[in-house]
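So you can see what is in the structure, the chains are spelled out below.
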Amino acid sequence: MTDVQSPIRRFLPLLILCGLLILPLGLEQYKLFVGSLVLVYLIAAIGLNLTLGYAGQISLAHAAFLAFGAYSVGILQPHGVPFELCLFIGATISFFFGLLIGFPALRVKHHFLAMVTIGFTIIVFLSLRNLENFTGGSFGIPGIDRPDWGFISFDSDRAYYIYMMIWAIPVLASAYWIKNSRWGRAFKSIRENELRAAALGVSLRNYKLMAFAIGAAYAGIAGALFAPLLGYIDPSAFYIERTIQFLLIVVIGGLGRFEGPIIGSIVVVVLPEALRASQSLFMIIFAVCIMLIMLFMPKGLIGLWDLFVAKFIPPSTETKADLRSAE
Amino acid sequence: MADLIQLLVAGLSIGAIYSMIALGFVLLWQTSNTINFAQGEFVVFPAFLMLLFYQTLKWPFAPAFTATVVISTFFLGWVVRKVLITRLLEQGLLPLIIATIGLALFIRYSLQVFWTPLGLYFPPVFPRFTVKVGPVLLPMEELLNLATAGLIILAVHLFITRTKIGWGMQVIAQNRPLATVLGIDVPQLVTMTFVLNAALAAVSAILIAPIYLVKYDIGISLGLKAFYAAIIGGFNQIRGAFLGGLLVGIVETLSAAYISNEFRDGYALIILIFVLMLKPEGIWGKKEEWA
């Protein structure tokens, strides 16, 4: 698709999806919880989409970054540190570890990078499990409180969902801003062709490191929000399965598309829950769905929307004129 | 000293099996740029099949073994290649990776739901007695595992370097357009690689199953170890996968014995990260020789 799009093409899917994110507020407790999980995963997946979708650097370390956020809250909160500060600290730690993990990305690519980053996730997992007096070991940290601003408490599930929305909005907005900024364009140029990007004066080193660091910081924010949502964290929540879940979200939604993580997190979180009616079969059906989506929609589910647009919504006059002049 | 030698042999024996799994991994990457995230499940599925034939149906060892390898190779080699891979190869690296993750989940949870969520005991394939060499006690099972795995890897090496099909695979790995120009049937050889990989995984399953309890979810860590082994040794060389597997096995066994068991999965990773930082092509890999 070209950059010149009618507003309806550009913003309709986003509006529908944001509408969907408000929907859980009206639902009963369990569905509200699933909706809350969607929000957490969404924020982390937006980070991964930045690293992988825009800059093309595969990262399987996002579960570890999530853990930094969650454990910052879990460890600091009992010492009376306010939640927002914990979140900020968690995001900062993730940011710097993101920079650190970015360094191998300067040397290795594709599957090697996948391996280094999954290795990082495993090392963080093992550390969380074994540094018992610091992280509570495999028992984790129980009793994590939700934020409280004195006059207003976010303790109830519905209030906490609103609290997470308050964070999700600037996250979405900043990701949208990054995508369209000079940075976003630099990331995309690296993804498309590193050599060309370098020749055009894009500093590969700085931008790759930043792609990792910013993506990691988003996951840190998601992790900080994740901890009070569950009220309890343990290392098993931040292992390979989680990191692969983020990868699924980003690719199933649509890699490098802004709407991708939104669609992906809804599908990857809600679909297994919806399939729970089929009891033990739900993971099998989910696995088959993943394979089918990749077989028939390798560009992700956003590809469906593109097909729909191409068929039913006529391009704006501006685009038509462009096409004609291109011919 | 005797302890150390015993541990080294134990490490080599488990490492040689990792090498076999890693070897299939490397071959797939070489000929079709496929990173198979279901590699661990490719080992678990035949282990379950073998249990079915050997333990439940009480077949003698040889037919049970043959049936396991044939069935597993057919499904995980041929069917997977035809149904899943052919179409996805045109779509690039990531959709293929995600699809193999889907495949891994499918196999793993199918085994859990339709078979059992419990860990199953697998009878030893080789006799369990120890041989005394001076002060050192060596279990026969480990020595035979090492020998079997070594022979199979040698056979694959000879197949790749001495036969026409093997040369074809090397050409594809080095230069795909050239392979087509030379009249090599690339899709056919890619299929053969998938079949070879599935067969290697099936054989390694029979060797590794008696060491672990067979459980639906052991594939995750097995697949990862094969992946480390391939990367540590060098992704572009058969001997790289071999060396990497042995190294992972030794490091894992020694560190579990001498440092701490809790971090046993961590040491190989630390080596891996250092190898990748210092010599990204792997300890024994050559830059750009293959692919």
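As a convention, each chain's residues are numbered from 1 in the sequence order in which they are written. Labels are handed out in written order, letters beginning with A for the chains and numbers beginning with 1 for the ligands. Residues qualify for local features only when their pLDDT is at least 70, as the model is predicted, and side-chain atom pairs are given and counted only at 80 or more; totals for whole chains, interfaces and linings, by contrast, use all residues.

### A word on the overall build of chain B
Part 1 of the argument: Tallying secondary structure elements over chain B gives 11 helices and 2 strands in all.
Part 2 of the argument: The numbering of helices and of strands both runs from the N terminus, where a helix is a DSSP run of H or I of at least 4 residues and a strand a run of E of at least 2. Along chain B, helices (α) and strands (β) appear in the sequence α-α-α-α-β-β-α-α-α-α-α-α-α when read from the amino end.
Part 3 of the argument: Over its C-alpha trace chain B gives a radius of gyration of 19 Å, about what one expects of a compact globule, namely 19 Å for 291 residues.
Part 4 of the argument: Exposure classification rests on a simple neighbour count of other C-beta atoms within 10 Å of a residue's own: a residue reaching 20 or more is buried, one at 12 or fewer is exposed, and one in between is partly exposed. C-beta atoms are placed from the backbone. By residue count, 52% of the 291 residues in chain B fall in the buried class.
Part 5 of the argument: Intrachain contacts of chain B at a sequence separation of at least 6 include 74% that bridge at least 24 residues. Throughout, the radius of gyration refers to the C-alpha atoms, and the reference size of a globule is 2.2 Å times the residue count to the power 0.38. Contacts are defined on C-beta atoms placed from the backbone: any two residues whose C-beta positions lie within 7 Å are in contact.

### Things to note about the overall build of chain A
Part 1 of the argument: For chain A, the helix and strand inventory stands at 15 helices and 2 strands.
Part 2 of the argument: Whereas a compact globule of 327 residues would reach a radius of gyration of roughly 20 Å, chain A reaches 20 Å, a difference of no more than 12%.
Part 3 of the argument: Seen through its C-alpha atoms, chain A measures out along the principal axes to roughly 70 × 45 × 45 Å.
Part 4 of the argument: A total of 327 residues make up chain A; the buried ones form 48% of that total.
Part 5 of the argument: Within chain A, counting contacts between residues at least 6 apart in sequence, those at least 24 apart form 75% of the total.

### A look at the packing of helix 3 (residues 62-76) of chain A against helix 10 (residues 204-230) of chain A
Residues and elements named next belong to chain A.
Part 1 of the argument: Inter-axis angles, ranging from 0 to 180 degrees, are taken between N-to-C directions of lines fitted to C-alpha atoms, where helices are fitted over the stretch in contact. Close contact between helix 3 and helix 10 brings their axes to 6 Å; oriented N to C, the two are set at 50°. Comparing their axes, helix 10 and helix 3 come out oblique. For the pair helix 3 and helix 10, the sense of crossing is right-handed. Here helix 3 contributes H62, F65, L66, A67, F68, G69, A70, S72, V73 and G74 to the contact with helix 10, which in turn contributes A216, A219, G220, I221, A222, G223, A224, F226, A227 and P228. Orientation categories follow fixed angle ranges, with anything under 35 degrees roughly parallel, anything over 145 roughly antiparallel, 65 to 115 roughly perpendicular, and all other angles oblique. Handedness of each helix crossing follows the sense of rotation of the near helix against the far helix: counterclockwise by less than a right angle gives left-handed, clockwise gives right-handed.

### Topic: the interface of chain B and chain A
Part 1 of the argument: If you look at the interface, chain B gives 31 residues, while chain A gives 30 residues.
Part 2 of the argument: Within the residue set of the side of chain B that touches chain A, elements represented by two or more residues are helix 3 (61-88), helix 4 (93-114), helix 9 (219-233) and helix 11 (264-278) of chain B.
Part 3 of the argument: Tallying contributions element by element places helix 4 of chain B first for the side of chain B that touches chain A, with 13 residues.
Part 4 of the argument: Considering only residue class, the side of chain B that touches chain A consists of 24 nonpolar, 4 polar and 3 charged. In this classification, the charged set is Asp, Glu, Lys and Arg, the nonpolar set is Ala, Val, Leu, Ile, Met, Phe, Trp, Tyr, Cys and Pro, and all remaining amino acids, among them Gly, are polar.

### Looking at unusual backbone geometry
Part 1 of the argument: Unusually for a residue other than glycine, N33(B) sits at a positive phi of about 50°.
Part 2 of the argument: Within the fold, N33(B) resides in the loop between helix 1 (2-32) and helix 2 (39-56).

### Points about helix 6 (residues 164-174) of chain B
Residues three or four positions apart in an α-helix share a direction because the helix packs 3.6 residues into each turn.
Part 1 of the argument: Those residues of helix 6 of chain B not exposed but buried are G168(B), M169(B), I172(B) and A173(B). Projection of helix 6 of chain B onto a plane perpendicular to its axis shows the buried side chains occupying an angular sector of 140°, all on one side. It is the directions from the helix axis to the C-beta atoms that the arc portrays.

### Considerations on the pairing of strand 1 (residues 130-133) of chain B
Residues and elements named next belong to chain B.
Part 1 of the argument: In this description, strands pair whenever DSSP reports at least two bridges between them. Of the pairings in the sheet, the one linking strand 1 to strand 2 (residues 136-139) comprises 4 bridges and is antiparallel in character. The residue of strand 2 that forms the bridge with K132 is L137.
Part 2 of the argument: Connecting the antiparallel pair strand 1 and strand 2 is a turn made up of 2 residues, with G134 showing a positive phi of about 60°.

### What about the environment of I218(B)?
Part 1 of the argument: Its location among the elements puts I218(B) in the loop between helix 8 (186-208) and helix 9.
Part 2 of the argument: Not counting residues within four places of it along the chain, the set of residues in contact with I218(B) comprises V44(B) and Y212(B).

### Digging into the nonpolar core
In globular proteins that are soluble, nonpolar side chains generally tend to be buried together.
Part 1 of the argument: For this entry, the nonpolar core is defined as buried Ala, Val, Leu, Ile, Met, Phe, Trp, Tyr and Cys residues connected by C-beta atoms within 7 Å. Residues I43(A), A44(A) and L23(B) are the most contacted members of the largest nonpolar core, which totals 208 residues.
Part 2 of the argument: Looking at this core, the element that brings in the most residues is helix 10 of chain A, giving 17 residues.
Part 3 of the argument: Aside from chain neighbours lying at most four places away, what touches L23(B) is I153(B), V156(B), L200(B), I238(B), A241(B) and F242(B).

### Thoughts on the packing of helix 8 (residues 182-192) of chain A against helix 10 of chain A
All names here are of chain A.
Part 1 of the argument: Contact geometry of helix 8 with helix 10 gives a least axis separation of 10 Å together with a crossing angle of 105°. Compared by their axis directions, helix 8 and helix 10 come out roughly perpendicular. Here A186, F187 and I190 of helix 8 come into contact with helix 10, specifically with L204, Y207, K208 and A211.
Part 2 of the argument: Along the lines of polarity and charge, the residues of the contact of helix 8 with helix 10 split into 6 nonpolar, no polar and 1 charged.

### Overview of the confidence of the model for chain A
Residues and elements named next belong to chain A.
Part 1 of the argument: Every residue gets a pLDDT, meaning the predictor's confidence in that residue, from 0 to 100. With 92% of its residues at a pLDDT of 70 or more, chain A shows a mean pLDDT of 84.
Part 2 of the argument: Least confident of the elements in chain A is helix 15 (residues 317-326), whose mean pLDDT is 49; most confident is helix 3, at 94.
Part 3 of the argument: Contacts of residues 323-327 to residues separated by more than four positions or lying in other chains number 0 contacts, the stretch itself having pLDDT below 50.

### Some words on the confidence of the model for chain B
Residues and elements named next belong to chain B.
Part 1 of the argument: Looking at chain B, the pLDDT average stands at 86 and 95% of residues meet or exceed 70.
Part 2 of the argument: Per-element confidence in chain B is highest for helix 2, whose mean pLDDT is 93, and lowest for helix 11, whose mean pLDDT is 74.
Part 3 of the argument: Reported confidences for the modelled complex are a pTM of 0.84 and an ipTM of 0.87.

### Structural notes on the environment of T253(B)
All names here are of chain B.
Part 1 of the argument: If you trace the backbone, T253 turns up in helix 10 (residues 238-258).
Part 2 of the argument: Take T253: there are 21 C-beta atoms within 10 Å of it, and that puts it in the buried class.
Part 3 of the argument: Here T253 is in contact with L7, A10, G11 and I14, once residues within four sequence places are set aside.

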